[in-house]
Amino acid sequence: MSKMPEISVIVPVYNSEKYLDDCIRSIIGQSYTDWELLLIDDGSTDSSGKICDGYALQDSRIKVLHKENGGVSSSRNLGLDNACGNWVTFIDSDDWVEQDYLSDMAAHADSDVEIVMSYPKTYTGNGMNLPAEHYGGLIASEDFSLLFSECGMGKYTYSVCKLYSLPWLREKHLRFPENISMGEDHIFLYEAILDACKVYVSPHSNYCYRYVASGLSKQLQAPDSEYYVYQRLYELINQIISRYSIKDYKVLQQFDAIIVRYVNRVLRTLYTQTLPRQKRLQILYSLDFSRINYKECGFSGFAKRILYSRHCIVIYDFLKYAMRSLKNLL
């Protein structure tokens with residue numbers, strides 16, 4: 001009977017033929033060798049699936065799972081369902097990792113730690129940008145405020161650069177929400193932090209994040225999906241602030257910026273897609289506009305403060321819907 005691997009590496013793959021070789025080769029070339037690689041082909045229409053199959057023929061540690069296109073969350077969840085390691089990490093198919101990435105992460109994967117975190121280098125095409133220096137070391141739950149005030153976890157919310165205890169993830173039933181295509185990383189990480197007892201933050205930066213400009217972040221989901229992300233993140237952020245007694249002004253500003261980002265996405269989708277007026281108003285009344293820093297917006301901020309106030313929501317909705325109708329006529 002073959003020994004189970006220590007680390008399962010999950011790589012969701014969708015039309016990644018341009019960068020996929022770099023990603024897979026960087027994993028094969030790791031100084032740490034006790035791993036399995038799960039390549040989840042999410043219904044690719046290019047040669048990505050064939051590339052994955054080719055590597056699986058060369059290395060018995062590599063497994064390929066082909067599925068119908070369902071999004072990155074469903075791919076990661078399928079990987080979690082099929083992973084055999086004690087620990088699991090996620091790597092994006094257009095990124096790559098340096099030779100000691102797994103070794104450095106595994107060095108801190110103790111039995112009483114649920115999550116090991118590190119920081120990415122960002123490659124923009126014009127060179128590599130290193131992350132700012134952050135606090136490193138073991139952090140217990142009573143000090144989790146440090147994850148945000150000193151470790152930047154209001155910013156580094158990617159699913160990558162994290163090593164999770166797989167038995168713990170399964171015990172806590174932690175999975176990526178599949179009904180959304182934006183914000184799933186945020187939700188997964190914050191749910192994990194709220195369930196964890198100890199986190200080790202590694203000072204190493206061996207993960208190379210390839211920044212590829214795309215319009216995905218500007219694409220809107222259905223109104224119910226956008227509203228779900230806002231509601232869930234709003235709930236999680238408030239739990240984190242309350243449980244870990246976060247009072248650091250800069251951290252609170254980071255959280256406000258996250259909430260405002262998703263408030264704006266909800267507002268945009270309400271008037272780009274057809275939704276009954278009563279449903280629009282119900283959503284508008286539930287949004288927390290107080291997180292918006294109006295003072296930094298001049299006159300427009302002052303106008304928004306008035307329009308977003310509860311007694312002007314109906315007027316705001318009327319104006320926005322009228323503008324949409326006029327735009328459609330033109």
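These numbers were taken from a predicted model, which means no experiment stands behind them.

### Points about the sheet that holds strand β12 (residues 207-210)
Right, so step 1: Taking strand neighbours across the sheet as the criterion, the four strands line up as β5-β12-β7-β8 in an open arrangement whose pairing is mixed. A strand with exactly one partner marks an edge of an open sheet, and here the two such strands are β5 (96-97) and β8 (128-129).
Right, so step 2: As paired elements, β5 and β12 share two bridges and run antiparallel to each other. Considered in β12, the bridge of V97 is made with Y207.

### Overview of the side chain of S26
Right, so step 1: As for its placement among the helices and strands, S26 is situated in helix α1 (residues 20-28).
Right, so step 2: Polar contacts involving the side chain of S26 include one to the main-chain carbonyl oxygen of C23, which spans 2.7 Å.
Right, so step 3: In this structure S26 touches W96 and V97, once residues within four positions along its chain are discounted.

### Structural notes on the pattern of salt bridges
Right, so step 1: For the coordinates displayed, the defined rule picks out 18 salt bridges.
Right, so step 2: Residue E36 pairs with K63 through a salt bridge whose shortest N-O separation is 3.0 Å. Pair noted here: E36 is in strand β2 (residues 35-42) and K63 is in strand β3 (residues 62-67), with a separation of 27 residues, a long-range link.
Right, so step 3: The partly exposed category is assigned to K63, whose relative accessible area is 36%.
Right, so step 4: A salt bridge links K67 to D42; the shortest N-O distance between them is 2.5 Å. Taken as a pair, K67 in strand β3 and D42 in strand β2 lie far apart in primary sequence, 25 residues in all.
Right, so step 5: For D42, a relative accessible area of 3% gives the class buried.
Right, so step 6: Salt bridges sharing partners connect three or more residues here, namely R76, D92, E184 and D185.

### What about the nonpolar core?
Right, so step 1: Counting residues in hydrophobic clusters, the biggest one holds 66 residues, and the most contacted among them are L147 and Y190.
Right, so step 2: In terms of residues, this core owes the most to one element, helix α9 (residues 249-270), which gives 10 residues.
Right, so step 3: Here Y190 is in contact with F148, M153, G154, T157, L233, L236, I237, I240, F255 and I258, once residues within four sequence places are set aside.
Right, so step 4: By size, the runner-up hydrophobic cluster in this structure holds 31 residues, among which are I24, V97, C161 and Y200.

What counts, and where the lines are drawn
Residues numbered from 1 in each chain as written. Predicted model: local features only at pLDDT ≥ 70, side-chain atom pairs only at ≥ 80, totals over all residues. Heavy atoms only, no water. Pairing = 2+ DSSP bridges. Helix = DSSP H or I, 4+ residues; strand = E, 2+ residues; numbered from the N terminus. Polar contact = N/O pair within 3.5 Å; in protein donor to acceptor, adjacent residues only side chain to side chain. Contact = heavy atoms within 4.5 Å. Salt bridge = Lys/Arg side-chain N within 4 Å of Asp/Glu carboxyl O. Buried < 20%, exposed > 50% of the residue type's maximum accessible area, 1.4 Å probe, protein only. Core = buried A, V, L, I, M, F, W, Y, C linked by side-chain atoms within 4.5 Å.

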